[in-house]
Amino acid sequence: MIYILKNVTGRLLAVLAFLFLNSVSIAKGEITNVSAPELGITSNSVVLLWDDSFAPDFTKDHAGETAKTYHIYCDGKKIGSTKKQTFPVYGLSSATTYQFSINDWESANSGTENSVTVTTKKAGKIFNVKEFGAVGDGKQIDTKAIQKTIDQCVPGGTVLVPPGTYLVDHLDLKSNLVLEITEGAILSFIGYKEGGYYPTSEVLLPGVKGDMKYRRMTLIRACDVRNVTITGKGLIDGNGEKWWPYRNETPRPFLLEIIKSSNILVQGVTFQDPPAWNNHLLYVDNALYSDVTFLKVSTEHGINGDGLDPNASRNVLIAGCFFGNQDDAIAIKSGTADKDGNRYRSSENITIRECEFYGSLEEGSASLGVAIGSETSGGVRHVVLKNCTFRDASSIINIKTNRERPYAIVEDVTVENITYTNAKHSARWFNKAPISLDQFYVRDNPPNPSVPEPRTQETPVFRDIHFKNIAIHNSKGWGIYMSGFAEAPIKDVTFDKVSVKSRDGIMVQNVDHVLLKGIASEMLEVEQ
């Protein structure tokens, strides 16, 4: 075993010992908190969530193997099973009341235990894009026809995109709208050299010291909107390989950007090969992503292909999604400060649960996992990451900053019930370990962590970060990496039932008050 501990203080309640693995027992568990979030209720679908006190068994190599199977019932009839603690239900009737219940055993009569009653919304008028001139043959540019459909859709109505390939360059969404991209439908965005129109958003955002100007090119834009749903089993293809080679010639657009908006539901759809980030939520309140897939399919070299980035956003729930993208799967941000100290508001109340992060999902995939930062000048707090699986991803969570990112406070972060295996990604300067708390996120010539600099109100702070029930198997580098400032160490970090099998062990320096309630580390023998 290798543990490199420098300038670490706090009470160690348990010795780092592999023997801990023999002391973990399986908890039977109890299903609780069965719910259907209001944002996830549409005219024909419902998102179900629940909790369970069941604890993974770390005596096995892969904790996920011990997961329960849950059975979902609708009005007493079984409609499906899952090993996750979320389940999207599609194909419901509008304005109809249903009772859903969850059991961890099959029963002819599900009863009312662990149940929730839901009434679906009334369906609005349908506006089929083909009735407004869209062709969907993969040859004609359908931007004007689809935008006309969106513009003429009445409040509460649905813009329906039936099967077909629709070439578009830019779309603007509006409030009180459902955009349904059906299975077999593809919104395919044309490339930089193909004559498209790509307008730039120019928006004033309220900073802590006054308005801040924001400008960005986006393929699908929703600005100052309320009550927007993007749903269906269709594909939104950014055709990034038609943009990546020109990254030094032109700005690259985001695939979907939602700005200064609230009550957003994105479910079922697949986002693929964005020119830059897939989805950017900027100053968004109340958003739910359920059963959404983010992919990089192209084998061309991509760049900045983040999956989903909540930025200065609050009350965001990401449940049951799949990430096989390139770059950070999810990156929680809160902007950068200008020279006068003006900055975005904080990101708060972000929950990520029952998601899968798979760095080998497609040939072009290189998902890095979940990140906080590095743009965190507004602060990030109240983040929960739980019940997720990571395979060939660079990290579970990578909290990153440096002294050039002033005012950043990252606090109250909980990571629990996680399985991580990696045989693909080696540690790099931007992503050092499955669990990485890195205040020296610097590409070239990083400063000496042992040398303090004057502490000011601008010095970034990491505190109150908690890890529980996590199994790590990393044959490519460190298991845990924590490096704080000498003048402002990372503070109040807990590890409870964490198993680490890694090539390089654990690296910790400049961390105050580390609480170990059960952490085990084993060195892996890896052929060079």
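In the block above lies the structure referred to throughout.
The model shown is predicted, which means the values in this text are computed figures rather than measured ones.

Colleague: Could you give an account of the sheet that holds strand β2 (residues 31–35), naming the residues involved and the relevant values?
Modeller: Pairing is antiparallel across the open sheet formed by 3 strands, whose spatial order is β2-β3-β6. Across the chains shown, the open sheet's two edge strands, defined by having one partner strand only, are β2 and β6 (86–89). Sheet twist, expressed as the mean angle between neighbouring strand axes with direction ignored, is 20°. Examined bridge by bridge, β2 and strand β3 (residues 46–52) share 3 bridges and lie antiparallel to one another. Residue pairing in the sheet places Ser-35 in a bridge with Leu-49 of β3.

Colleague: Which residues make up the pairing of strand β40 (residues 505–516), and what are the values?
Modeller: Most of β40 is tucked away, with 9 of its 12 residues classed as buried. Sheet analysis places strand β38 (residues 478–483) next to β40, joined by 5 bridges and oriented parallel. When the bridges of β40 are listed, Ser-483 appears paired with Gln-509.

Colleague: Outline the sheet that holds strand β5 (residues 77–82), listing residues and values.
Modeller: In spatial order, the strands read β5-β4-β7-β8; together these 4 strands make up an open sheet with antiparallel pairing. At either margin of the open sheet sits one strand with a lone partner, and together these are β5 and β8 (115–119). Neighbour-to-neighbour, the strand axes of this sheet turn through a mean angle of 25°, independent of strand direction. Pairing of strand β4 (residues 70–74) with β5, which is carried by 5 bridges, proceeds in the antiparallel orientation. Its bridge partner being in β5, Ile-72 is matched across the sheet by Gly-80.

What counts, and at which threshold
- Residues numbered from 1 in each chain as written.
- Predicted model: local features only at pLDDT ≥ 70, side-chain atom pairs only at ≥ 80, totals over all residues.
- Heavy atoms only, no water.
- Pairing = 2+ DSSP bridges.
- Helix = DSSP H or I, 4+ residues; strand = E, 2+ residues; numbered from the N terminus.
- Axes fitted to C-alpha atoms, helices over the stretch in contact; angles between N-to-C directions.
- Buried < 20%, exposed > 50% of the residue type's maximum accessible area, 1.4 Å probe, protein only.

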